[in-house]
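# Summary of structural features
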Amino acid sequence: MTKAVILDNEIIASVIGPTGAEQRRLANNVMEKALKEAGIPFEAITYIVSTGYGRINVPFADKQVTEISCHAKGIVSLFPDARTIIDIGGQDSKGIKIDKDGRPTDFVMNDKCAAGSGRFLEVIADTLEIDLEKMGEISLTSKNPASISNLCTIWAQQEVVARLSEGVPVNDLVAGVHESLANRVSRMVRRLNIEREIVLTGGGAKNIGLVKALSNYMDYPILVPPEPLITGALGAALMGKAITEKAKTQGIQLDTKERSLQVVEIL
Amino acid sequence: MSEEKKKHKKRRTATQAAASIGPMVKEFIAGTIRAKEEARQKIAFTFIVCHHEEILAALDVLPLWTENFAGICGAIRDAERFLQRAESLGLSRSLCTYALCGIGFDQWREEIGEMPPNPPWGGQVKPDFMVSTGQILCDPRAKWYQASQLYMPDVPIYNIDMPYPLFDPKRDHRDVWGYYHKYIVKELRGFVKFVEEQTGNKMDYDRLTELVDLSDRTWNLIDETYKLRASVPSVMGTGDAMNTMVPMCFRMASQEAYDFFFNLKKELEEKIAKKEGEVEDEKYRLMWGGGLPSWFALGDFNYFNSKGAVFPVETTYRMVAPLNEMDLPETKDPIERLAWKWLGYWTFWYDKARKRPGSEPDVERLINWIEEYKIDGIVMHEAFSCRTWHVGLIWQLNQLAKIYKPIPVLTLGKGGEKTVENRELPSLILESDIIDISTYSEVDTRNRIDAFIETLESVRQSKAV
Amino acid sequence: MNDKNSIISSKVEKYYQDYGARAKELKAQGKTIIGWVCSFVPLEIITAAGCVPFRIRGDIREPITKGDNLLETIVCPFVRSCFDLSVKGRYDFLDGIVIPHACDSMTRSYSTWMYSLELPFSQFVNIPSVVKESSFEFFNEVLNTFRQTLGEFVGKAISDNDIAEAIKLHNENRDKAKALYEFKKSDPPVISGVELAKVLTVGSSLPITESNSLFDEVIEELKNRKESPRKKGPRIMIDGACLDNIELIKLIEDTGANVVADTLCNGTRDSLPHADVDRDPIDALAHRYLDKVNCPKTYIDNKELNLQKDLENRFGDIGYFAKEFKVDGSILYVYKYCDPFGFEVPARKAYYNSINIPHLYLEDEYTTGTIGQLKTRIQAFLEMIA
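Residues numbered from 1 in each chain as written. Chains lettered and ligands numbered in written order. Predicted model: local features only at pLDDT ≥ 70, side-chain atom pairs only at ≥ 80, totals over all residues. Heavy atoms only, no water.

### Topic: the overall build of chain B
- The helix and strand inventory of chain B stands at 19 helices and 10 strands.
- Its C-alpha radius of gyration of 23 Å places chain B within 12% of the 23 Å reference for a compact globule of 465 residues.
- On the principal axes, the C-alpha backbone points of chain B span a range of 80 × 55 × 45 Å.
- Counting over 465 residues, chain B shows a buried share of 64%.
- Within chain B, contacts between residues separated by at least 24 positions form 75% of all contacts whose residues are at least 6 apart in sequence.
- With the model as given, the accessible surface of chain B reaches about 17,600 Å², and the carbon-plus-sulfur share is 50%.
- Chain B carries 61 positive and 70 negative side-chain charges, and their two centres are separated by 2 Å. (Helix = DSSP H or I, 4+ residues; strand = E, 2+ residues; numbered from the N terminus. Rg over C-alpha atoms; globule rule 2.2 N^0.38 Å. Buried < 20%, exposed > 50% of the residue type's maximum accessible area, 1.4 Å probe, protein only. Contact = heavy atoms within 4.5 Å. Areas by Shrake-Rupley, 256 points an atom, 1.4 Å probe, with all protein chains shown as cover. Lys, Arg positive; Asp, Glu negative; His and termini not counted. Charge placed at Lys NZ, Arg CZ, Asp CG, Glu CD.)

So this is what it looks like as structure tokens:
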């Protein structure tokens, strides 16, 4: 998913766009939508920061900053006491330790394996023919989560199908895969020295079943932002703000890109 | 979760001797816990196959075999939390999972000041000292305790260097083994000195000589016992041997171990007399040609059994060789004797391998045992976290197929006439890990076994008489 | 810097891209080329025998295919790549191969190497694992065995004098490598990380005298450089084992940082330690490879049972380089399936914390496929230490 946030003294636009392969088009798409929502022209934007995997495919961005730094900035603006951030996205998951100023001090990532990300739940939802959005609430109805032992998404999928035909109830299987994902994420995050407050963000944070499953692995309660999908973009905007303010005090003129959206041709 | 652990069926062993091992191991662990509480005897973390049991016993040191403890965690399917603990310290899951389990457990115990909750079989106590030895076999056996020492900084380590000459088809290892022997002897003497310092005991060399002598006799006894498994039908399989390795590797130089094999030998002789094989209808005789087993999936041997397959022999944990077939230099010094045994064991197949074109010691051993135990096929297991025992297995099977084709098979020649062609043995490679169950798919493993059985059957059918 | 008079842009670039070209020329002239993997191979003995030591490299762009038919995928990916290229014939100009007792990936695959390549000369050099007086005694014997077998192979015994001469030449090479590293001390460095990696890599593919001449030429060029090819930026050290290509270094330098120091096998681990000249030459080699080449595979005894002292003994070179080269941060780069380094990660981290050098631990495969993932982590790290 591609997201955009426009920040003034507060958020004046926030857009969550579609997924897709052509990242430059998606970037244009959400930028246009955000400008419309804010009711301002493109030229009015002082500074643009891009983040995430597609950050190099935002031609109009003035600077690229990693998601690690951006999530940190975004989350600490919402939760000043946050010290451990967990981000579970569609393609990857991360853990970030931050200090009291919101600067990352350590991080871990799992971007190598589908089974450690939201993708895992997507594949299983597909297999069981369940709406992805409903997976969380279904998992909460289970009293006896099934144990899914396999690490690999493909094997886990086979295991779920096998167990289903053995008569294991669907909600137990759904709870089981949530358990599995929570276990894997916590395994990764424990490589950091976990301190409270713990904040969960990303698409995974919208899944109430996952939040509950992950809570069982943490020693402290998990906090969730009101809109988990935009904390990265929010952080990027805050980064931009900090950069422009610093430049102002130092009397430096910042380099910025032309404020126009290129037409992207797909050959 | 604990429901899941208890659900898997209890494994069936062919011999009563093997069935008695569980309680034996439980007693080891309990023994270390008692010893810790009583604080009379020193406890040492150590590894198997270092030819130092005699030294430890003579100086009244209680060994805690950390590979064994990790194996237990794996077998009862409670290793994951310790593996994860190790990962949280920065250790990669791709490293030896025995070591990850051990280091994870040690760090946890040291951090909370007591055993982790529900410790497997009572848990692994903090030792008084640790004895490493990587040899040229295994890096984790040199790095594991060093890593644990970070969390137990007051526990000293002695690292015994025990190399052996690698096989060179063009040279006689006896040209160099003199200086290997000299080095190993010095290392062992240094080890004796270290243990004397740690325990405050003085080595009694007469006692040591007695123990070395007992080991020698136990070695020969074990070899004789295992040779009985060549009978048709075969009376004991690798599933059992993964149990009987316990006295061989953890109780060497003890009367208990000698008595165990004495009784096992008797049991096997009785079964042979009654023609009581590992399975009722023996169809396929297989060799476990390499690889440590998956400790949580030993039940797979019963699955093989259910298809009529037996395992008369395995290379894994066959850590003794017939001493009377080695021409070791004579010596009255027990330390020198241990060092010669060491070199004799590791170079046992070198002469034979040199005589056969294209052969190599591990391959030579496979060929010799295929013939001795009348083997129809070979099974190997690749454990992903262990380079020590699992690198080279693919190559061994490859080389074996090149130089040894013992199965005459009827085929149709070009002109339609029946000809006899010699084929290599069928082989199967299983993949998972020693104790990390998340790498294991029972469905996949059993599929592979089924396919292999079909191959064995088709070879059986087309065998030329 | 694409000046055609530049040694770095011309000769170094040529021999880096067409790695082995010079060895092939020498082979055609009748020289004996002996391949080696790993810092523990006693190169002086190969030189003393009149042979050309040739460092075997992997190829990070070449997918491993043929090698997998013979060698398990749980082996260190760098070793696998070297093996894959070898069985594909990339190094078919080799007359022999020498593999040391270094790590399990190499040691346990030695038979596979020997039988698959079927080279006229194959030798396993049994380096001791511990550092005791008896270890040096043993190592001397091992080295003499190597010297004897190699001498038999080339048809002429290798004398003590031959070895002493070879030591002199290899020590010269080490002096020159040190001089090259000196150019990294300035801010920004006069030589980039990518350039130095290429120079050292090429050096390990040439006879020692030619490597010495090449280094001299490069040093001369650097002395005359008017400006640095780099801008000021975070000064980064790479801590790890065999990194035989520029990809990671380039990735780091493309994000604006400068790679100014390392502990790598293809860097300081190999190229700096001297062999003593005031000793019996064989004993000098034993001491160099066991005492001075600092690698996790050599077990350093924690004699005083003191954690801080132990960390200092084992990792002091990291602290030394960090200070000498004014390092801002270190990247601990470990291949998946690497036992010697893998087990040391917690201890190395503890050491970095004790000397207050921020560090990033990366576990990687040996492929260009992970570039995107590495980039994110490295960039995040640089943002963190800024």
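### Let's talk about the pairing of strand 8 (residues 198-201) of chain A
Residue and element names in this part refer to chain A.
- Burial along strand 8 is two-sided: Ile-198 and Leu-200 and Val-199 and Thr-201, pointing in opposite directions, are all buried.
- As judged from the 4 bridges shared by strand 5 (residues 84-88) and strand 8, these two strands associate in the parallel manner. From the neighbouring strand, Thr-84 faces strand 8, where its bridge partner is Ile-198.
- The parallel pair strand 8 and strand 9 (residues 222-223), bridged by helix 7 (residues 208-215), forms a crossover whose chirality is right-handed. (Pairing = 2+ DSSP bridges. Right-handed = clockwise from strand over helix to strand, strands pointing away.)

### Some points on helix 4 (residues 77-87) of chain C
Residue and element names in this part refer to chain C.
- Counting buried positions along helix 4 gives 11 out of 11 residues, so the element sits mostly inside the fold.
- When helix 4 is considered as a whole, its buried residues turn out to be Pro-77, Phe-78, Val-79, Arg-80, Ser-81, Cys-82, Phe-83, Asp-84, Leu-85, Ser-86 and Val-87.
- Residues of helix 4 that are buried sit in contact with helix 5 (104-107), helix 6 (110-117) and strand 7 (329-335).
- Downstream of helix 4 by a residue or two, Gly-89 has a phi angle that is positive, lying close to 90°.

### Focus on the interface of chain A and chain C
- In this assembly, 16 residues from chain A lie in contact with 13 residues from chain C.
- For the pair chain A and chain C, the two sides together bury roughly 1,300 Å², of which 47% comes from carbon and sulfur.
- Counting across the interface, chain A meets chain C through 0 salt bridges.
- Between chain A and chain C we count 7 residue pairs in polar contact (both at pLDDT 80 or more) in total.
- Listed by contribution, the elements that provide at least two residues to the side of chain A that touches chain C are helix 2 (67-78) and strand 7 (104-110) of chain A.
- With 5 residues, the single largest contributor to the side of chain A that touches chain C is strand 7 of chain A.
- Tallied by class, the residues present in the side of chain A that touches chain C amount to 7 nonpolar, 4 polar and 5 charged. (Buried area = accessible area lost by both parts, 1.4 Å probe. Salt bridge = Lys/Arg side-chain N within 4 Å of Asp/Glu carboxyl O. Polar contact = N/O pair within 3.5 Å; in protein donor to acceptor, adjacent residues only side chain to side chain. Nonpolar A, V, L, I, M, F, W, Y, C, P; charged D, E, K, R; others polar.)

### Examining the packing of aromatic side chains
- If you walk through the whole model with that rule in mind, you get 51 aromatic pairs over all chains.
- Note on Trp369(B) and Tyr373(B): the rings are 6.3 Å apart at their centroids and 80° apart in plane angle, and the pair reads as edge-to-face. Across the pair, Tyr373(B) and Trp369(B) agree in class, each one buried.
- Between the aromatic rings of Phe321(C) and Phe325(C), the centroid separation amounts to 6.2 Å while the plane-to-plane angle is 50°, which identifies the pairing as tilted.
- Residue classification places Phe321(C) among the buried residues on the basis of a relative accessible area of 7%.
- Grouping aromatic residues by their ring pairs yields a cluster made of Tyr164(B), Trp219(B), Trp342(B), Tyr345(B), Trp346(B) and Trp389(B).
- Between the NZ or CZ atom of Lys26(B) and the centre of the ring of Trp121(B), over which it lies, the distance is 4.6 Å.
- One cation-aromatic arrangement involves Arg229(B) over Tyr226(B); the distance from NZ or CZ to the ring centre is 5.0 Å. (Phe/Tyr/Trp six-rings, centres within 6.5 Å; stacked < 30°, edge-to-face > 60°. Lys NZ or Arg CZ within 6 Å of the ring centre and 35° of its normal.)

### Here's the deal with the sheet that holds strand 1 (residues 42-46) of chain B
Residues and elements named next belong to chain B.
- Within the open sheet, the 4 strands sit side by side as 2-1-3-4. Their pairing is parallel. Two strands close off the open sheet at either side, each with one partner strand: strand 2 (61-65) and strand 4 (157-159). Mean inter-strand twist for the sheet, computed between neighbouring axes without regard to direction, equals 25°.
- Pairing between strand 1 and strand 3 (residues 129-132): 3 bridges, direction parallel. Within the sheet, the bridge partner assigned to Phe-45 lies in strand 3 and is Met-130. (Axes fitted to C-alpha atoms, helices over the stretch in contact; angles between N-to-C directions.)

### Observations concerning the confidence of the model for chain C
- Within chain C, residue pLDDT values average 96, and 99% of them lie at 70 or more.
- Reported confidence for the predicted complex is 0.95 by ipTM and 0.94 by pTM. (pLDDT = per-residue confidence, 0-100.)

### Some remarks on the interface of chain B and chain C
- In this complex, chain B contributes 64 residues to the contact, which on the side of chain C involves 59 residues.
- For the pair chain B and chain C, the summed buried surface comes to about 5,000 Å²; carbon and sulfur atoms form 56% of the total.
- Area buried by chain B at its contact with chain C is led by Lys143(B), Tyr179(B) and Arg387(B), which between them contribute 14% of it.
- Between the two partners, chain B and chain C, sit 6 salt bridges.
- The salt bridge partner of Lys182(B) is Glu137(C), with a shortest N-O separation of 3.9 Å.
- Taken together, the links from chain B to chain C amount to 28 residue pairs in polar contact (both at pLDDT 80 or more).
- Where the side of chain B that touches chain C is concerned, the elements lending two or more residues are helix 7 (97-112), helix 8 (140-149), strand 4, helix 9 (177-199), strand 7 (377-383), helix 17 (387-390) and helix 18 (393-403) of chain B.
- Looking at the side of chain B that touches chain C element by element, the count peaks at 7 residues for helix 8 of chain B.
- By residue class, the composition of the side of chain B that touches chain C is 38 nonpolar, 14 polar and 12 charged.

### Examining the nonpolar core
- Counting residues in hydrophobic clusters, the biggest one holds 316 residues, and the most contacted among them are Ile55(B), Tyr98(B), Phe304(B), Leu150(C) and Ile378(C).
- In terms of residue count, helix 9 of chain B provides more of this core than any other element does, 11 residues in total.
- In this structure Tyr98(B) touches Glu67(B), Ala70(B), Gly71(B), Trp144(B), Leu292(B), Trp295(B), Tyr317(B), Ile434(B) and Ile435(B), once residues within four positions along its chain are discounted. (Core = buried A, V, L, I, M, F, W, Y, C linked by side-chain atoms within 4.5 Å.)

### Examining the pattern of salt bridges
Residues and elements named next belong to chain C.
- Per the counting criterion, the structure on display carries 91 salt bridges over all chains.
- A salt bridge links Arg-174 to Glu-44, with the shortest nitrogen-to-oxygen separation between them at 2.8 Å. Highlighted residues: Arg-174 in helix 8 (residues 160-182) and Glu-44 in helix 3 (residues 43-48), separated in sequence by 130 residues. As far as burial versus exposure is concerned, Arg-174 and Glu-44 are alike and both buried.
- Across the pair Asp-276 and Lys-292 runs a salt bridge, and its minimum N-O distance is 2.9 Å. A residue pair is termed long-range when its members are at least 10 positions apart, and Asp-276 in the loop between helix 12 (265-271) and helix 13 (281-292) and Lys-292 in helix 13 qualify at 16 residues.

### What about the sheet that holds strand 6 (residues 93-98) of chain A?
Residue and element names in this part refer to chain A.
- Across the sheet, which stays open at both edges, the 5 strands sit in the order 7-6-5-8-9 with mixed pairing between neighbours. Across the chains shown, the open sheet's two edge strands, defined by having one partner strand only, are strand 7 and strand 9.
- Against the sheet, helix 6 (residues 170-189) engages strand 5, strand 6 and strand 7, with an angle of about 35° to strand 6.

### Observations regarding the pairing of strand 1 of chain B
Residue and element names in this part refer to chain B.
- In terms of residue burial, strand 1 counts as a mostly covered element, since 4 of its 5 residues are buried.
- Here 5 bridges tie strand 1 to strand 2, and the two strands are oriented parallel to one another. Bridge pairing links Lys-42 to Val-61 in strand 2.
- In this view, the connection linking strand 1 to its parallel neighbour strand 2 by way of helix 4 (residues 53-58) has right-handed handedness.

### Notes on the packing of helix 14 (residues 307-324) of chain C against helix 16 (residues 345-354) of chain C
Residue and element names in this part refer to chain C.
- The N-to-C vectors of helix 14 and helix 16 enclose an angle of 80°; their axes lie 10 Å apart at closest approach. Classed by the angle they form, the pair helix 14 and helix 16 counts as roughly perpendicular. Residues Gln-308, Leu-311, Glu-312, Arg-314, Phe-315, Gly-316, Ile-318 and Gly-319 of helix 14 touch helix 16, and the partners they reach there are Ala-347, Arg-348, Ala-350, Tyr-351, Tyr-352 and Ser-354.
- Among the residues forming the contact of helix 14 with helix 16, the class breakdown is 7 nonpolar, 4 polar and 3 charged. (Parallel < 35°, antiparallel > 145°, perpendicular 65-115°, else oblique.)

### Comments concerning helix 2 of chain A
- Under the 1.5 Å per step criterion, the end-to-end length of helix 2 of chain A is 16 Å for 12 residues, consistent within 8% with the ideal 16 Å.
- Of all 12 residues in helix 2 of chain A, 9 are buried, a share of seventy percent or more.
- Elements that come into contact with the buried residues of helix 2 of chain A comprise strand 5, strand 6, strand 7, strand 8 and helix 8 (231-250) of chain A together with helix 17 (371-385) of chain C. (Expected span 1.5 Å × (residues − 1).)

### A word on the packing of helix 5 (residues 153-165) of chain A against helix 6 of chain A
Residue and element names in this part refer to chain A.
- Between helix 5 and helix 6, whose axes approach to 10 Å, the crossing angle comes to 155°. One way to sum up the angle between helix 5 and helix 6 is to call them roughly antiparallel. Handedness of the helix 5/helix 6 crossing: right-handed. Note on element contacts: helix 6 touches helix 5 through Val-170, Leu-173 and Val-177, opposite Val-160, Arg-163 and Leu-164.
- Here the residues of the contact of helix 5 with helix 6 sort into 5 nonpolar, no polar and 1 charged. (Left-handed = near helix turned anticlockwise from the far one by under 90°.)

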